[in-house]
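# Analysis of the macromolecular model
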Amino acid sequence: MKVLVLGATGYVGSRLVPHLLEHGHEVVAASSSAPDPDRFGWDERVEAIRCDVTDLNAVARALEGVDAVVYLVHSLDRTDFPDRDRLAAANVAEAVAAEGVRRLVYLSGLVPEVPEAELSAHIASRLEVERILLASGASAVALRAGVVIGAGSTSFEIIRQIATLFLVQPVPTWMQHAVQPVAVSDVLRAVGEQLDGTDEGAVDLGGPDVLSYPALMRACGRGAGLARLSVPAPVAPAGIVGLATALATTAPFHTVTALIESLHHDMVCRPSRTWVPADGGELLGVEEAVRRASTPRYSGPEGALPSDPAWTRPLPLLDVVPLPAVGKAAARLALHRMRSVLYGDI
């Protein structure tokens, strides 16, 4: 099957391309700037192209001759992400219909079962994109994933950095909600399986464990070999928490604040609409997924890649400095802030 991966240079996309090759697919890897195969470790089997999804003509050209599309495009690092993602989804849906693409798989996010007016801008945008793509006329499925666990994953890295930096972690009472994380290796399995699948509509994707956000932070601490104490913070407005988190991590500001808005509800799978592996294999639990993501030079999907965003990568120099984990985390943050000031890449 010839598969076009839109958003191939992102966290999931960079891992999905080799996964699809291993399973016998022909892969076209597309992103807003032409991907460098050497940077991602892709071989000559990958056709790397530039495709601006806000340009309908560019999307139509990219879709020529493909059997399936995997849609991984999100624009959380921009303030206008809902508008940009809406336009991109509309272009892809139109081109999919015009080219007669057989299968469309969209990696979305879990949607809490609350009135839509209560959804965060981040989740509301994911839901809007999902509806546009599912109406394309192709056989289409939206995989709604929870927090994706793996070194380099945006949500995981934000949680891990907070868990590492603070010995005592203030936790707002509105964050005492359930979350159902999923290992990135299981995300790859699900996407690959759905390319040949018949599911349509929205299907939830989560691991076997359901826990609270504070419990997930403690699991990240344990993965780093650290003991952490969570204390309730009854008065903590979301805006202040988002700002504090952005200042305490190396993640892009707009990404952090958009994700913080999503923590007001339970983010768990619907039992009747949850993906179950066709091969009957087990899904990775939180502790094992975090262990793999926290193991230096782990070679599986949960491990870091040289192509992961710079803000997620460790600084090897700090590994040889005799500092405690908190000190290293603080030094890493300070060095990142210094680099941002010097090079203007805040």
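For the structure, check the block above.
As a starting point, this report considers the structure included with it. (Residues numbered from 1 in each chain as written. Predicted model: local features only at pLDDT ≥ 70, side-chain atom pairs only at ≥ 80, totals over all residues. Heavy atoms only, no water.)

What follows concerns the sheet that holds strand S6 (residues 139-145). Spatially, the seven strands line up as an open sheet ordered S3-S2-S1-S4-S5-S6-S11, and their pairing is parallel. Taken across any chain shown, the strands that pair with only one partner, and hence form the sheet edges, are strand S3 (47-50) and strand S11 (201-205). The mean inter-strand angle of the sheet, taken between neighbouring strand axes irrespective of direction, is 20°. Here strand S1 (residues 2-6) pairs with strand S2 (residues 26-31) via five bridges, running parallel. Bridge pairing links leucine 4 to valine 28 in S2. In this fold helix H4 (residues 81-99) packs onto S1 and strand S4 (68-71), with an angle of close to 175° to the strand it touches most, S4. (Pairing = 2+ DSSP bridges. Helix = DSSP H or I, 4+ residues; strand = E, 2+ residues; numbered from the N terminus. Axes fitted to C-alpha atoms, helices over the stretch in contact; angles between N-to-C directions. Contact = heavy atoms within 4.5 Å.)

Take the pairing of S6 next. Extensive coverage of S6 is indicated by the burial of six of its seven residues. Sheet analysis places strand S5 (residues 103-109) next to S6, joined by seven bridges and oriented parallel. Paired with leucine 104 across the strands is alanine 140, a residue of S6. With helix H5 (residues 121-134) bridging S5 and its parallel neighbour S6, the resulting β-α-β unit is right-handed. Bridge analysis of S6 against S11 gives five bridges, and the strand direction is parallel. Each residue of the ladder has a partner; that of valine 141, found in S11, is glycine 201. (Buried < 20%, exposed > 50% of the residue type's maximum accessible area, 1.4 Å probe, protein only. Right-handed = clockwise from strand over helix to strand, strands pointing away.)

Bringing the side chain of arginine 144 into the picture now. Tracing the backbone through its elements, the reader meets arginine 144 in strand S6. Non-local contacts of arginine 144, meaning those with residues more than four positions away in its chain, are made with Ser108, Gly109, Leu110, Val111, Leu127, Glu130, Ala202, Val203, Asp204, Leu205 and Arg270.

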